[in-house]
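This is what each chain is made of:
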Amino acid sequence: MNKNVSRRRGATLENAILDQAWLLLHQMGYGRLTMDEVAHAAKTNKNTIYRRWPQKCYLVMTAISRHVPSINFEITDHGSLKEDLVALFESLNPIFNIIRPVDLRELISDMLPNIASYDLFSGINQENSIHRSIETIITRANQRNEVSFSINTISEKALKLPYLLIINEIIIHGTLAETSIEDIIDNILLPIYMAHK
């Protein structure tokens, strides 16, 4: 190994690894991508990568987080519960626009056994912003008298439901299609949230 390459440390080495992981993700796809391939492309050894990212899914998620445009989970008031929910779902479009559905589906499936669902997007969602957005949306809906419960009385399961449905769509389809968003909101979320109005 070249001496200059072997001396890379810290951010320089990490950037090289993540850049190659991102490149190989698009060249090979998540399923064929291996830590060996990334190590070879980044001119480092596999153990160096494993010390920082113990599994491929963590490495790839970190690489993705560096390339996804900033996602704004602070949903402004769109005038109704339905339109606020649509805006929240559509805020995730930057992710789906840069990653092939099959790669995202395989990545999420890989991550599920290893981490809790609320940590799933930790690379791009450090403060659990999706959950906070739902709280804001429900609070607005209550103030408009669209729903009878408040943020203090809604069940935790109902609060987590949009997030879990998003994950379910990604596992099955690798994306959130407009028709899926419409179906989820019109036929699942609104009937549940407005059931006791």
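Residues numbered from 1 in each chain as written. Predicted model: local features only at pLDDT ≥ 70, side-chain atom pairs only at ≥ 80, totals over all residues. Heavy atoms only, no water.

**Structural notes on the overall build of the protein**
Next up, step 1: Check the secondary structure of the protein and you find 11 helices and zero strands.
Next up, step 2: Listing each helix as α and each strand as β along the protein from the N terminus yields α-α-α-α-α-α-α-α-α-α-α.
Next up, step 3: Out of the 197 residues in the protein, the part that is buried amounts to 44%.
Next up, step 4: Taking as baseline every contact in the protein between residues at least 6 positions apart, the subset at least 24 positions apart corresponds to 72%. (Helix = DSSP H or I, 4+ residues; strand = E, 2+ residues; numbered from the N terminus. Buried < 20%, exposed > 50% of the residue type's maximum accessible area, 1.4 Å probe, protein only. Contact = heavy atoms within 4.5 Å.)

**A word on the side chain of Asp103**
Next up, step 1: Tracing the backbone shows Asp103 in helix 8 (residues 101-111).
Next up, step 2: The residues contacting Asp103, other than those within four sequence positions of it, are Leu25, Gly29 and Tyr30.

**Observations concerning the pattern of salt bridges**
Next up, step 1: Evaluated as defined, the whole model comprises nine salt bridges.
Next up, step 2: The salt bridge partner of Arg52 is Glu14, with a shortest N-O separation of 3.4 Å. In this pair, Arg52 sits in helix 4 (residues 46-52) while Glu14 sits in helix 2 (residues 10-28), placing the two residues 38 residues apart along the sequence.
Next up, step 3: Each of the salt bridges in this network shares a partner with another, and the network as a whole consists of Asp77, Asp84, Arg140, Arg144 and Glu146. (Salt bridge = Lys/Arg side-chain N within 4 Å of Asp/Glu carboxyl O.)

**A short note on the packing of helix 2 against helix 3 (residues 35-42)**
Next up, step 1: Contact geometry of helix 2 with helix 3 gives a least axis separation of 9 Å together with a crossing angle of 125°. With respect to helix 3, the element helix 2 is oriented oblique. Remark: the crossing between helix 2 and helix 3 carries right-handed chirality. Seen from helix 2, the contacting residues are Ala16, Ile17, Gln20, Ala21, Leu24 and Met28; seen from helix 3, they are Glu37, Val38, Ala41 and Ala42. (Axes fitted to C-alpha atoms, helices over the stretch in contact; angles between N-to-C directions. Parallel < 35°, antiparallel > 145°, perpendicular 65-115°, else oblique. Left-handed = near helix turned anticlockwise from the far one by under 90°.)

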